Amino acid sequence: QVQLVESGGGLVQPGGSLRPSCAASGSIFSINVMGWYRQAPGKQRELVAAIPSGGSRNYADSVKGRFTISRDNAKNTVYLQMDSLKPEDTAVYYCNADVRTGILTSRQLYWGQGTQVTVSS
């Protein structure tokens, strides 16, 4: 089994920064893509950013230039540096990981439990 645990959310004023992280643990052979999604009240969950094990990062238009996704493969951890935060960034942020648990197993998508980010003065 694989677990994803997020941390680093919180309350911040507009223009501030946060850097949530998400650590994957358990029976991990390899991780392909790791990503961050968010869901605001009354809205659908949306992609914020994604980073493959190799290749270019992908960002939602609404966060380009303000958010940066990165990962530490040795720690199976993904980070989301969020700068110049706006009230409309308020949401529950979820991480996910596309994991292979063995050399012959198929990939499976796992999700974290979510961390609240609130941007308010």
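As shown above, the structure is provided for reference.
Let me sum up the structure you'll find in this document.

About the thresholds
Residues numbered from 1 in each chain as written. Predicted model: local features only at pLDDT ≥ 70, side-chain atom pairs only at ≥ 80, totals over all residues. Heavy atoms only, no water. Helix = DSSP H or I, 4+ residues; strand = E, 2+ residues; numbered from the N terminus. Contact = heavy atoms within 4.5 Å. Phe/Tyr/Trp six-rings, centres within 6.5 Å; stacked < 30°, edge-to-face > 60°. Buried < 20%, exposed > 50% of the residue type's maximum accessible area, 1.4 Å probe, protein only. Lys NZ or Arg CZ within 6 Å of the ring centre and 35° of its normal. Disulfide = S-S within 2.5 Å.

This brings us to the side chain of N96. Relative to the elements of secondary structure, N96 occurs in strand β9 (residues 91-100). If sequence neighbours within four positions are ignored, N96 has contacts with L4, V33, M34, G35, Y37, L109, Y110 and W111.

Let us look at the packing of aromatic side chains. With the rule as written, the count across this model stands at 1 aromatic pair. Between Y37 and W111 the ring centres are 5.1 Å apart and the planes differ by 65°, which places this aromatic pair in the edge-to-face class. Of the two residues, Y37 is situated in strand β4 (residues 30-39) and W111 in strand β10 (residues 108-111); the sequence distance between them amounts to 74 residues. According to the relative accessible area criterion, Y37 is partly exposed, its value standing at 24%. You can call W111 partly exposed: its relative accessible area is 33%. R19 extends its terminal NZ or CZ atom over the ring of Y79, reaching a point 4.2 Å from the ring centre.

Within the structure shown, the criterion is met by 1 disulfide. Put simply, C22 and C95 are joined by a disulfide, and their sulfur atoms are 1.9 Å apart. Judged by the sign of its S-S torsion, about 50°, the bond between C22 and C95 is right-handed. With a gap of 73 residues between them, C22 in strand β3 (residues 21-26) and C95 in strand β9 connect regions that are remote in the sequence. A relative accessible area of 0% means that C95 is categorised as buried.

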